[in-house]
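Observations on chain architecture
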Amino acid sequence: MGRHGWNPGAGRWRLTALLGVGAAVVALVVALLNALPGGASTEGTTRDGGTVHGTPAAPRDADEPYVGWGFTHTQFSADEGSAAATGRVERLLSQGGGLPQDQAIMGWGADNPEPVKGRYDFAALDRRVDFVRASGGVPVITLCCAPDWMKGGRAGAGNTDWSRPALETAPTPGHYADFAALAATVARRYPDVRHFIVWNEFKGFWNDAGGRWDYEGYTELYNLVHRALKQVNPRIMVGGPYLVMDSVDPSRGEDAAAAPRGPWGAMDQRVLDAFSYWNTHKAGADFVVVDGSSYTKDDELLPDEFAATDKLTAVGRWVRQQTHGLPLWWAEYYVEPADGNDDRKGWTEQHRVAVQAAGMIAMVKGGASSGFYWNPEEEKGGGCPGCLWTPTATAGGGQALPMYGLVSRFDRAFGPGAEYETVSVAPDAVPDVRVLATDRTVLVVNTLDRTISAEVDGKRFEMKAYEVKWLQR
């Protein structure tokens, strides 16, 4: 989806100019030596994809079906850039106790992992995993997307089609087993990665003829991957289906479900059908994964940006009920609609952080135990709305931004094992604040664009417009 900010113009390969006839001849010879019959180049690939890479770490919660609150690495992240800036982010993360970090196996910063069947290129993914290890993070891998030869494209190093339509194409059914084998190879290469998400947002699994999701195809792929990962290590945790939990305005949506629904809208029945099929026919799951926004498919915040986050609570409760209490993860969550360029720049950072905090509170109230914030950084400076840190391209980059403060502190206060308590809120403050509490910490969010006086947990205090306040108990 466009929300991911995939830039088709920024290909993951680089073309090098060849200078002189001699260099051209050398290049041709090398290409011929590295080509398989049929013209599929294997340059830069190896056969030892399943060999353990680097020094595996011992992340926390390796044997638990939850990881806490962290972020997803996207196309530009802190594994690349100035050494001073990337080191600054490593220290920022590790000194804070580490955060869960998710990375896809192809796209969003990772190259094609298997350009030719049985020939692997994990250099980019290795670099991301190394960064997670160095920063003390809990590694999570999303098993998406698929090499071109698994989906009707050309095999060969340098032949990857990085356009968005190609990237978001699912493997053909005849290659589901090949994708499962690739998943197993990834699991063997990074034995410290114990949490895997299968695929991403049902990409490529839309049934045009039926006007619905191809949930049968996705579930077949999921089950093959699940079995392959468990064969590598039965203690690996596997989850899906990573569906976008779309909602619609009930007054205009012919696909509006009878439930869940509320002032925020109604769920798209086609999504619920897909989820129910997977839930009934899955080979197994250690946790359940969803994705979604507080706003509708038409980018409507109903009835407003803060009340719309109640959708995240309603969806979470519905999912937990359907799965009989499986640990719930939000692989992505959005509270601010994007513009035509897929940018979210319409709010002040204070406003953005406040609504984001309200959304995270809503997810917890819906039963979520883990979630991943999308958008750690942008390529260059000049403003970075919603980013976790400043771009690492220059030596002065890698500085923490307000959103990092929210996500990191939320994980520390409300991470795995947190037990929530109800605290008192004065009647005059109830309509204006969102609150989440444990026996040690209370998070309070002012939902108004003005100063208020609020009494929470027996304490009276003033809150600035859209202020996010942390209280110690």
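Above this text is the structure in question.
Right, let's walk through the structure included here. Note that this is a predicted model, so its numbers are computed, not measured. The numbering scheme is per chain: residues are counted from 1 as the chain's sequence reads. In keeping with the predicted nature of the model, local features appear solely for residues at pLDDT of at least 70, side-chain atom pairs appear and are counted solely at 80 or more, and the whole-chain, interface and lining totals rest on all residues. The basis for every side-chain value is the complete set of non-hydrogen atoms in the structure, without hydrogens or water.

1. Details of the state of the cysteines
Put plainly, two cysteines are in a disulfide when a covalent bond ties their sulfur atoms together. As a reminder, the rule being used: Working definition: a disulfide is two cysteine sulfur atoms within 2.5 Å of each other. Burial status follows relative accessibility: with a 1.4 Å probe on protein chains alone, a residue under 20% of its type maximum counts as buried, one over 50% as exposed, and anything between as partly exposed.
This model, assessed by the stated rule, comprises one disulfide. Sulfur-sulfur distance for the disulfide between Cys-384 and Cys-387 comes to 1.7 Å. Measuring handedness by torsion sign, the sulfur bridge of Cys-384 and Cys-387 sits at about -65° and is left-handed. With a relative accessible area of 13%, Cys-384 lands in the buried category.

2. Brief notes about the sheet that holds strand β10 (residues 247–248)
Quick note on the threshold: In this description, strands pair whenever DSSP reports at least two bridges between them. A helix here means a DSSP run of H or I that spans at least four residues, while a strand means a run of E at least two residues long, and both kinds are numbered starting from the N terminus. Residues are treated as being in contact if the distance between any of their heavy atoms lies within 4.5 Å. To get an axis, fit a line to the C-alpha atoms, keeping to the stretch in contact for a helix; angles then go from 0 to 180 degrees between the N-to-C directions.
In space, the three strands of this open sheet follow the order β10-β12-β11, with antiparallel pairing throughout. Among the strands making up the open sheet, the edge pair consists of β10 and β11 (256–262). Note that β10 and strand β12 (residues 265–268) share two bridges and pair antiparallel. In the strand pairing of β12, Ser-247 is matched with Met-267. Taken strand by strand, helix α7 (residues 269–281) contacts β11 and β12, and its axis lies near 45° from that of β12.

3. Let's talk about the nonpolar core
This is how it is decided: For our purposes a nonpolar core is just a set of buried Ala, Val, Leu, Ile, Met, Phe, Trp, Tyr and Cys residues, chained together by side-chain atoms within 4.5 Å.
Counting residues in hydrophobic clusters, the biggest one holds 114 residues, and the most contacted among them are Trp-199, Met-245 and Phe-410. Tallying contributions element by element places helix α9 (residues 349–365) first for this core, with ten residues. Residues in contact with Met-245, not counting those within four places in the same chain, are Met-267, Val-271, Leu-272, Val-290, Asp-291, Gly-292, Lys-311, Val-315, Trp-318 and Val-319. Core analysis: the next-biggest nonpolar cluster, separate from the first, contains 13 residues, Val-423, Ala-429, Val-433 and Ala-454 among them.

4. Some thoughts on the packing of helix α8 (residues 310–322) against α9
Packed helices, taken two at a time, are described by the angle between their axes plus the distance between the axes. What counts here: For this classification, under 35 degrees means roughly parallel, over 145 means roughly antiparallel, 65 to 115 means roughly perpendicular, and everything else is oblique. By definition, turning the near helix anticlockwise from the far helix through less than a right angle yields a left-handed crossing, and turning it clockwise yields a right-handed one.
Running from N to C, α8 and α9 cross one another at 20°; their axes reach a closest spacing of 7 Å. In terms of their interaxial angle, α8 and α9 are classed as roughly parallel. You can see that α8 and α9 cross each other, and the crossing is right-handed. Contact residues: Leu-312, Thr-313 and Arg-317 in α8; Gly-359, Ala-362, Met-363 and Lys-365 in α9.

5. Examining α9
This is how it is decided: A helix is expected to span 1.5 Å for every residue after the first.
The terminal C-alpha atoms of α9 lie 24 Å apart, and with 17 residues this matches the ideal 24 Å at 1.5 Å per residue to within 8%. Across the 17 residues that make up α9, a large majority, 14, are buried. Gly-367 lies just past α9 and shows a positive phi near 105°.

6. With respect to helix α5 (residues 176–189)
Given a rise of 1.5 Å per residue, 14 residues ought to cover 20 Å, and the 20 Å separating the end C-alpha atoms of α5 matches this to within 8%. Across the 14 residues that make up α5, a large majority, eleven, are buried. Tyr-176, Asp-178, Phe-179, Ala-180, Leu-182, Ala-183, Ala-184, Thr-185, Val-186, Ala-187 and Arg-189 are the residues of α5 that are buried.

7. As for the packing of aromatic side chains
The condition that has to hold: Aromatic pairing here means that ring centres of Phe, Tyr or Trp (its six-membered ring) are within 6.5 Å. Orientation follows from the plane angle: under 30 degrees is stacked, over 60 is edge-to-face, and everything else is tilted. By the criterion adopted, a ring carries a charge over it if an Arg CZ or a Lys NZ lies within 6 Å of its centre and within 35 degrees of its normal.
Applying the stated rule across the entire model yields 25 aromatic pairs. Both rings, one in Trp-69 and one in Phe-410, keep their centres 5.3 Å apart while their planes meet at 80°; by these two values the pair is edge-to-face. With Trp-69 in strand β3 (residues 69–72) and Phe-410 in helix α10 (residues 402–414), this residue pair connects regions lying 341 residues apart in the sequence. As far as the burial class goes, Trp-69 and Phe-410 line up, both buried. Centroid distance Phe-414 to Tyr-420: 5.9 Å. Interplanar angle 35°. Geometry classified as tilted. A relative accessible area of 1% means that Phe-414 is categorised as buried. Counting every residue linked through ring pairs, the aromatic cluster contains Tyr-176, Phe-179, Trp-199, Phe-202, Phe-205, Trp-206, Trp-213, Tyr-218, Tyr-222, Phe-275, Trp-278 and Trp-318. Over the ring of Tyr-215 we find Arg-212; its NZ or CZ atom is 4.3 Å from the centre of that ring. The positively charged end of Lys-282 is found above the aromatic ring belonging to Trp-278, 5.2 Å away from the centroid.

8. Regarding the pattern of salt bridges
Pairs can form between side chains of opposite charge whenever their charged atoms are close. As a reminder of what qualifies: Salt bridge, as applied in this entry: a Lys or Arg side-chain nitrogen positioned within 4 Å of an Asp or Glu carboxyl oxygen.
Under the counting rule described, the total for this entry stands at 28 salt bridges. Put simply, Arg-473 and Glu-421 hold a salt bridge, and the shortest N to O gap is 2.8 Å. Taken together, the residues Arg-473 in the segment after β20 (468–472) and Glu-421 in the loop between α10 and β16 (433–437) connect sequence positions 52 residues apart. Judged by its relative accessible area of 41%, Arg-473 falls in the partly exposed class. By relative accessible area, which is 38% here, Glu-421 ends up partly exposed.

So far we have only geometry, and geometry alone does not tell us how the molecule works.
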